[in-house]
Amino acid sequence: MGKDKAKLKMAIYWGAACGGCCVSVLDIHETLFTVIEHADLVFWPIALDTKYSDVEEMPDQSIDITLFNGAVRNSENEHMARVLRQKSRLLIAYGSCAHMGGIPGLANFSNKEAIFRRVYEESESTVNPDKIRPLEEVMVAEGTLHLPHFYNDVMTLDQVVDVDYYLPGCPPQSERLVEVFLAVVNGTELPPKGSVVGASSLVQCDECKRKKSEKKDIKRFYRPWEVVDDGETCLNEQGILCLGPATRGGCGVRCVVGNAPCRGCYGPLDDISDFGGKMMSVIASMLEGKEEAEIEEAIETVVDPAGTFYRYSLPGSKLRRKQL
Amino acid sequence: MKQISIDPITRLEGHGKIEIFCTDDGDVENVYFQVPELRGFEKFCEGRPIEEVSQIVTKICGVCPGCHHMAAGKAADMVFGVEPTTAAKKIRELFYSAHFVHSHIAHFYALAAPDFVVGPTAPKADRNILGVIAKVGKEIGTEVIKQRRKAQEIQALLGGHQTHVVLNIPGGVRKGLKEEDRRDIVEKAKGFVEFSKFSMKIFNDVVLGNKEYLDIILNGPYSLKIHSMGLVDEKNRVNFYDGKVRVVDTEGKELYKYSPVEYRDFVAERVEPWSYLKFPYLKKIGWKGFIDGQDSGVYHATPLSRLNAADGMATPVAQEEYERMFATLGGKPVHATLAMHWARLVELIYAAERCLELAEDPEITSPDLRTKIEKTPTEGVGIVEAQRGTLTHHYWTDERGIITKANLIVGTTNNHAAICMSLKKAAQGLIKKGVTVDDGILNMVEMAFRAYDPCFSCATHHLPGDMPLVVNFRNTSGDLIRTISR
Ligand code: SF4
Ligand code: SF4
């Protein structure tokens, strides 16, 4: 199988990421042997010996698929995003961070100065009377050392380069990756450029097995530790805020299966332009027929709304960052 | 002065870089290990509800997400002043044992084994997991993948999401264990025990049975005399999930034993302008620079340091192997950096045995999963052993439980100074006047940090495994003289 066909050339690279996306590649388990049969990995810094300079020397468009995971947090991430765009036929934003900014994107609630001050000066275990901070260029006794430039904002991959497809998830479910990979291998016609692949076109709630009723009559929201989840009824109906109604399906409602509310790592569904706006209207519909004051009161019980609605998507949202 | 840049080696939560400075004669003058990345979780956890944090911080590291989940989860319990139920604690530890099984298997086979099974100076193309499989046979390779998969399946079962788990809730866990699932875990855990013993046998036959390798471990440039840190139970035995942090000095004498809340009395962090990662040290001794020895403030937090800091293991086979290791290596404490691989296998056996023990505990299926929360939230510290070192999470909240401050000392961070020093020693021992710096030499330099299984070696967990490496020789004015890459 695949012996006669030219093997695909594939690259995997990370920007500001946790490594979970790379683990999701490993989590295809025994299928890994199939992948290796159809594709040569030409660049995967965590596993292969290809260097940045080798990639720079590759002909343009010579890599068939690049899975770029991680957000763009510093100058090194941005540089590699540009190089890989030039070298790749298909550039896929792989995982929530590349797609929407992800958890590292929560840093856009703050800025570089505040982060540096907290980490290097104020941290309770740090002893730094001279207020030393990492520098992009520093002279040491033996010579000069360099560090990448730390940006004020976290950016999504498509805020830096042109992206062909988005494969969402934090991390993407491994089976979805295999499906997309096999589609490319088999030459299946791909959806229009800019599409989300490897996910559903319905919201989480459509896959969720929890019992839902038409009668939406909640009075307030609870913190998960304030109530005992019955393990069966829709979390929102129990007053535990769940982003399922706004979130694209495809993960198998993983978190809800673990009895935790969805936090939206698969991103909003296509026709939902804004997570926050959508969730506010979901909440309003759950409070149907209530007086304005009651609605206000109920909405007040949602803690950290911005940090919850934009948990994975702040840099990629209309807000992009908190204005400081 | 010549400058050799190794850029990029891979990650600590991203990326890592080594700069070696040589005299014009070719001797190593100094080595800098730089971490060029920062994400600032400490800052952006502010404003988030405390119960969300154990899910947010798993994203510090996708390789050891379970460790951050546990440390933050324990800190959140303390924020509310609540003790989880015994069943909840057992479920957490069961999950955690499986987490260690998956990580230690991956490290040994994908990262450590290529250097020993294939050979430290073998051709680079073979020095990876595929080379290991070629040497030991595909059957064993498939078995490795299978055992790791089973460990991941246990994590997904208990934690919902297989990577970024959602198990913990303040006061306990979100999900209990059904009897049929328990029985399934028992079977899996029996497999882990057998497989971990088998892995130790491979290590005995291939590594210890080879005079040359044993010599590298014991007499190579890989020894660093520093203090040892590790979490211990009430009998001073190794524990990953709970207990007190014990620190022993370079002679093996107990220096401190502290509760998580006291961590700031014992550990402090230093900032250097050339790395985004801080340098923790023993506060009472103080920062004395990048030096080893009894007077140094530098410690390590690794499988070897955990074994050094403890009096033994809590399960039978692991205890036997613990005794055998120290007997073979000349008693406690051991300072041979490469013995970390051996210690990691002792821990693998312990994690497997503990996983089985917990799965066989009748209380594990109890539906008593959560302790009710009644107190006003304030402040909490959670400490666990991550595979890569003692992990400390500390949160302060307002009276609603919204985080006002967060402070984290992450596993690998503990070892930042130690890794710098190990790399310098290895480079000084290997790169010398008259020695041609080739791929084999560079790999042997890398072996010094690989032993720590630092987080930037997520490479551990992937096929096929070799670290990217390019070394640029520059003259004093910065012109490129020669590039070696592999
Ligand atoms: S809101 Fe959440 S719990 Fe309810 S149906 Fe949707 S995904 Fe399931
Ligand atoms: S349930 Fe929601 S947050 Fe959890 S994995 Fe699925 S999309 Fe992501």
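Quick notes on the rules
- Residues numbered from 1 in each chain as written.
- Chains lettered and ligands numbered in written order.
- Predicted model: local features only at pLDDT ≥ 70, side-chain atom pairs only at ≥ 80, totals over all residues.
- Heavy atoms only, no water.
- Near = heavy atom within 4 Å.
- Nonpolar A, V, L, I, M, F, W, Y, C, P; charged D, E, K, R; others polar.
- Phe/Tyr/Trp six-rings, centres within 6.5 Å; stacked < 30°, edge-to-face > 60°.
- Helix = DSSP H or I, 4+ residues; strand = E, 2+ residues; numbered from the N terminus.
- Buried < 20%, exposed > 50% of the residue type's maximum accessible area, 1.4 Å probe, protein only.
- Patch = residues over 30% accessible without salt bridge, like charges linked within 9 Å, V, L, I, M, F, W, Y side chains within 5 Å.
- Areas by Shrake-Rupley, 256 points an atom, 1.4 Å probe, with all protein chains shown as cover.
- Salt bridge = Lys/Arg side-chain N within 4 Å of Asp/Glu carboxyl O.
- Lys, Arg positive; Asp, Glu negative; His and termini not counted.
- Charge placed at Lys NZ, Arg CZ, Asp CG, Glu CD.
- Core = buried A, V, L, I, M, F, W, Y, C linked by side-chain atoms within 4.5 Å.

## A look at the site of ligand 1
Link 1 in the chain: As a structural note, the neighbourhood of ligand 1 is formed by A:Cys205, A:Cys208, A:Lys212, A:Cys234, A:Leu235, A:Asn236, A:Cys242, A:Gly244 and A:Pro245.
Link 2 in the chain: Residues belonging to the shell around ligand 1 are distributed by class as follows: six nonpolar, two polar and one charged.

## Some details on the packing of aromatic side chains
Link 1 in the chain: The full count for this structure, using the stated rule, is 28 aromatic pairs over all chains.
Link 2 in the chain: For the pair A:Phe150 and B:Tyr276, a centre-to-centre distance of 6.3 Å together with 50 degrees between the ring planes defines the contact as tilted. Here B:Tyr276 lies in the loop between β9 (267-270) and β10 (279-282) and A:Phe150 lies in strand β8 (residues 150-155), a pairing that spans two chains. Each of the two residues, A:Phe150 as well as B:Tyr276, counts as buried.
Link 3 in the chain: Centre to centre, the rings of B:Phe240 and B:Tyr350 are 5.2 Å apart; their planes meet at 70 degrees, and the pair counts as edge-to-face. In this pair, B:Phe240 is assigned in the loop between β6 (227-232) and β7 (244-248) and B:Tyr350 in helix α12 (residues 339-359), connecting sequence segments 110 residues apart.

## Regarding a negative patch on the surface
Link 1 in the chain: Residues A:Glu291, A:Glu292, A:Glu294, A:Glu296, A:Glu297 and A:Glu300 make up a contiguous surface patch of negative charge.
Link 2 in the chain: Here A:Glu296 shows up in helix α11 (residues 292-300).

## Brief notes about the pattern of salt bridges
Link 1 in the chain: One pass over the full model with this rule turns up 52 salt bridges over all chains.
Link 2 in the chain: A salt bridge links A:Glu124 to B:Lys405, with the shortest nitrogen-to-oxygen separation between them at 3.2 Å. In this pair, A:Glu124 is assigned in the loop between α6 (112-122) and β6 (137-140) and B:Lys405 in strand β14 (residues 403-409), connecting two distinct chains.
Link 3 in the chain: On the accessibility criterion, B:Lys405 (31% relative accessible area) is partly exposed.
Link 4 in the chain: Between A:Glu226 and A:Arg220 there is a salt bridge, with its nearest N and O atoms 3.5 Å apart.
Link 5 in the chain: Shared partners join several salt bridges into a network, and the residues in it are A:Glu30, B:Arg149, B:Glu153, B:Asp184 and B:Lys188.

## Some words on the nonpolar core
Link 1 in the chain: Core analysis: the largest hydrophobic core is formed by 202 residues, its most contacted members being B:Tyr395 and B:Ile431.
Link 2 in the chain: It is helix α4 (residues 86-118) of chain B that provides the largest number of residues to this core, a total of 17 residues.
Link 3 in the chain: Listed in part, the 28 residues of the second largest apolar core include A:Met10, A:Val35, A:Leu90 and A:Val184.

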